[in-house]
Amino acid sequence: MSLESTGPHSVAPLLSLTGLHKWFGGVHALCDARMVLQKTGVVHALMGQNGSGKSTMLNILSGQMRPDEGVIAMGGSRMTFRSPLDALAHGISMVSQETALAEDLSIAENILLGHRLIRGKMGIDWGATRDRAREVLTQVGADYDPAWIVRSLRPDQKQMVEIARALSTDVRILVLDEPTSSLTDEETKGLFAAIRRLKEQGVCIIYVSHRLPEVFEISDEMTVLRDGVTVAEGHKGDFSPRSLVAAMVGTEKPLPLREGQTCGSGIPVLQIRHLSVEGSVSDVDLEVCEGEIVGLGGLLGSGRREVLEAIYGLRRPSAGTILLSGKPLKNDNPLVAIKHGIGFVPPDRKTQGVVLPMSVKDNLAMAATSERQRLSSPRNGTIEEECRATSKLLAIKAELDAEVMTLSGGNQQKVALGKWLLRPPKVLLLDEPTRGVDVSAKGEIHRHLRDAASRGIAMLVSSSEYDELCDLCDRIVIFFRGCVVATIPRDEATETRLAALGGGTKEG
Amino acid sequence: MKRAVSDIFASTRPFRTVLAIVVLLFALFAVWQPGFRTILNVQNVLASISILWIVAMGMTFVLVSGGFDLSVGAIAALCGIFLGKVLEAHLLPGPVAVAATIIVGAILGGVLNGLFVAVFRLSVFVVTLASMTALTGIVLIWTNTQSIYVTNPVVNQISISRLLGVQTPIYIMIVVFAIFLYVQRRTYFGRDIYATGGSYTAARLSGVRTERTLIMVYAVAGACAGLAGAIAVGRVGAAVPQVDPGLALQAVAAVLIGGTALTGGAGSVVGTAFGCLFIGILQNGLNMVGVASSWQYVVTGIILLASVLGGRVGGHRGGMLTGLKRALGFRSPPPADSCAVEPAADAASGRGESDR
């Protein structure tokens, strides 16, 4: 596999992954997936919703996982990558979503860390090392001083350093996993300039992003994954934003009929006016009525999570007001929120939702008893009875005395939810309410949420799964880059439409 | 009746190993050395660990909350000096002076350690190392490195006198233990300590006042150190300007041997009590059979390693034997009441301090 064979005139593609299969336990994450890069110097977008198998494919490509079946070939010869180093040796380098840099070292050290610091007679030759780092930085068009400490850099500059680090090896295929998720518009432009520069130098780029306009701007060709299968591939010109989203979402499931189509009583409980949070939310208006479930959709970092956190007092709004039953709410502490009747089911069950080494009962009682005298006894019968009732209501399959860590994910999530149903709040905020639970538990939790709403609780549900929002909510608000871009009533919501809006396409 | 017995047995699960070791050790010395099993000697064992016991009770709460406290030895010494100075100047009558000493300990612990750990979120290790160092200096400066002799009868009484033939420190130990057991099992404050140590974020998001809980925990540890300092003064008959550098670490060792996790969220003062008994019996027994007492450190070190290793393998909850058994490949059947589905959360674990 010499360089000649990968040239533009050869028949064998530069890189091909074909017939890939990967199982995780019973889950078929990749099922005959393929991706082919014909020639050098192109930007190839890999598209797909959450859980479509993108990450698995990237992990296989970068040598972090091995496929159960399938062929990886470069320039016609078959490859087996045993480790990331192995993939690197073949010119494949990945820049992952979170930057992985040693924050307190200099740019030069970060770029050339490992075995690539240049050694002179007297140990490391810092002069030569910096020159080499500067050389690589120029390649991406960044004129940083290699002596700068990484911690002092902006996110986009860190991203550049990571790309430069990838380039310091002899890279032919560069994988960028959601490189723009933490960048501003201006910074994204700088990144794109660097990508184009690399393209001219003959580097192939595999570009993963959920932002559709970006993908259409920068990429030359695309591969679309859905449920582990490659459902579409081709040149950018073969796709329109609509057909791309349609390929990603697939056939629409009909909306489930819902018993008691209550869409709230029409009395607003929570009103948000011109809410802004430094760096994540700008000028958001929202309203939730009694008994209504409002969904917040959009990409990670689009501001939907930050809105919930601001309401619960975990983030300080930089502007705007939050009205609860018409009265302005000022809080910088979850305790204030709880006192006012606001509950919060956080996104990470194991570290935020429940206290794993405590019993089901103690977890359930925690929120309801936060106002008790500290030295009084929690063993008076009423709390115990309430916990038992809640546990029964949610069908938590465990004894009240069982430690939460011994429960299944679905039951743990029910405990995280149940602690708020002991003393039903006016408003319940939920962030990813069914993350990491199995399908049946998910349906059960949805049913309990609708039950709770029918008893008058107003709910705000933030989720990255558009089908969950379609299933659960009376109204869906889509966020993009900190702003509300659309509000869609339930009967007009389709997964395709939500995904397109969340990805940044505008509706004509 | 039968039910109650089995409940009591079930509730011993997390510290069953240390309980077994204590019983075995006691039996060993009792057979080996007849002088060991006299009531007088048992009293001596208990009285000899009274200071460690009281400090270790406070330390248990600190460890359960996910923390650590190096400064209790220094707080104890400083409180002793405070007591000596107050009595020397006849500022307060004996009993009031002792109460004031405990309060001073609580304030030192709560303000110095609690505030910096809870509010400023500094590393517990750094904070308590700093307060230990600074307080040691203050002890020396305040006393000019001179001991203060204390003749007040009340103070001597709390360390040396007997009531119904039993030394007073033993009563104090029992009372302190009872209070801690009550707080641990039957109060919201006790629940808050476990919640804060188990998951700080989850506790905070559920409305637990995590900051206040941490401040209180360090104040309680400080109060215990204050009481321990007062007892030490009574025992020697003087406030000695000397910080016992090993007290804090020995207390931590007793807590860990008792099955409390260094990572927080799990543990029990009952286990700590057995941890202290282990150290006391070992010390006294080795003395009696004529083994150089330095060996107790070697044995304590080995048992400490074994119990933490066992706790680690056993997921910090199953106790040492469960953990060691699992490490060696034996599997115990899961309890019937759990519905273990996730492999990560093994069903064979169970933190039995859960109140039944």
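Take the overall build of chain A next. Scanning chain A for helices and strands turns up 17 helices and 22 strands. Here chain A has a C-alpha radius of gyration of 26 Å; the compact-globule value for 508 residues is 23 Å, and the two agree. Counting only C-alpha atoms and orienting by the principal axes, one finds that chain A spans roughly 75 × 55 × 45 Å. The 508 residues of chain A split such that 56% are buried. A fraction of 68% describes how many contacts in chain A between residues 6 or more apart in sequence connect residues 24 or more apart. The average position of the 59 basic charges and that of the 64 acidic charges among the side chains of chain A differ by 2 Å.

Glancing now at the state of the cysteines. Under the defined criterion, the tally for this structure stands at zero disulfides over all chains. Free of any disulfide, Cys470(A) has its nearest neighbouring cysteine sulfur in Cys473(A), separated by 8.5 Å. Considering cysteine sulfurs only, Cys224(B) is the nearest to Cys79(B), which forms no disulfide, with 11 Å between them. For Cys79(B), a relative accessible area of 0% puts it in the buried group.

All names here are of chain B. Between its first and last C-alpha, helix α5 (residues 72–88) extends 24 Å over 17 residues, near the 24 Å set by a 1.5 Å rise per residue. Among the 17 residues that make up α5, 14 are buried, leaving the element largely enclosed by the rest of the structure. Just beyond α5, the residue with positive phi is histidine 90, at close to 55°.

Residue and element names in this part refer to chain A. Taken across its six residues, strand β21 (residues 475–480) has five buried, putting it largely inside the fold. In this structure, β21 lies alongside strand β22 (residues 483–489), joined through six bridges in antiparallel fashion. Each residue of the ladder has a partner; that of isoleucine 476, found in β22, is isoleucine 488. Here β21 hands over to β22 after two residues, with arginine 481 in that stretch at a positive phi of 50°.

Below, the discussion takes up the pattern of salt bridges. All names here are of chain A. Within this structure, the stated rule accounts for 27 salt bridges over all chains. A salt bridge links glutamate 135 to arginine 132; the nearest nitrogen and oxygen atoms lie 3.1 Å apart. With a gap of three residues between them, glutamate 135 and arginine 132 both fall in helix α4 (residues 126–139), about one helical turn apart. Residue glutamate 135 is classed as exposed on the basis of its relative accessible area, which comes to 51%. You can call arginine 132 partly exposed: its relative accessible area is 27%. Note that lysine 361 is salt-bridged to glutamate 384, the shortest N-O span being 3.8 Å. Of this pair, lysine 361 sits in helix α12 (residues 360–368) while glutamate 384 sits in helix α13 (residues 381–393); the two residues are 23 residues apart in sequence, bridging distant segments of the chain. We classify lysine 361 as buried; its relative accessible area is 8%.

The next point concerns the sheet that holds strand β1 (residues 15–24) of chain A. The strands making up a sheet associate through hydrogen bonds between their backbones, and the pairing can be parallel or antiparallel. All names here are of chain A. Judged by pairing direction, the sheet is antiparallel, and its four strands sit side by side in the order β2-β1-β4-β5 without closing on themselves. If you trace the sheet from one side to the other, it starts and ends with β2 (27–37) and β5 (77–79), each paired once. The mean angle between the axes of side-by-side strands here comes to 30°, regardless of whether they run parallel or antiparallel. As judged from the eight bridges shared by β1 and β2, these two strands associate in the antiparallel manner. In the sheet register, lysine 22 faces β2, and the bridge partner there is leucine 30.

As a further point, take the confidence of the model for chain A. As a general rule, the predicted coordinates of low-pLDDT regions are not to be interpreted in detail. This prediction gives chain A a mean pLDDT of 84; 92% of its residues lie at or above 70. Note that pLDDT drops below 50 for residues 1–9 of chain A; the model gives that stretch 13 contacts with residues more than four away or on any other chain.

Let's shift gears to the nonpolar core. The tendency in soluble globular proteins is for nonpolar side chains to be buried side by side. Ranked by size, the top nonpolar core spans 99 residues in total, and within it Trp53(B), Met59(B) and Phe278(B) carry the most contacts. Of all hydrophobic cores here, the second largest spans 93 residues; its members include Val245(A), Val269(A), Ala402(A) and Ile476(A).

A word on the side chain of Arg349(A). One can find Arg349(A) in helix α11 (residues 349–353). In this structure the side chain of Arg349(A) is engaged in a polar contact, spanning 3.2 Å, whose partner is the side chain of Gln412(A).

With that settled, consider the environment of Gly41(A). Among the secondary structure elements, Gly41(A) is positioned in the loop between β2 and β3 (43–47). Taking the C-alpha atoms as reference, Gly41(A) lies 9.2 Å from Ile173(A); in sequence the two are 132 residues apart.

Conventions used here
Residues numbered from 1 in each chain as written. Chains lettered and ligands numbered in written order. Predicted model: local features only at pLDDT ≥ 70, side-chain atom pairs only at ≥ 80, totals over all residues. Heavy atoms only, no water. Helix = DSSP H or I, 4+ residues; strand = E, 2+ residues; numbered from the N terminus. Rg over C-alpha atoms; globule rule 2.2 N^0.38 Å. Buried < 20%, exposed > 50% of the residue type's maximum accessible area, 1.4 Å probe, protein only. Contact = heavy atoms within 4.5 Å. Lys, Arg positive; Asp, Glu negative; His and termini not counted. Charge placed at Lys NZ, Arg CZ, Asp CG, Glu CD. Disulfide = S-S within 2.5 Å. Expected span 1.5 Å × (residues − 1). Pairing = 2+ DSSP bridges. Salt bridge = Lys/Arg side-chain N within 4 Å of Asp/Glu carboxyl O. Axes fitted to C-alpha atoms, helices over the stretch in contact; angles between N-to-C directions. pLDDT = per-residue confidence, 0-100. Core = buried A, V, L, I, M, F, W, Y, C linked by side-chain atoms within 4.5 Å. Polar contact = N/O pair within 3.5 Å; in protein donor to acceptor, adjacent residues only side chain to side chain.

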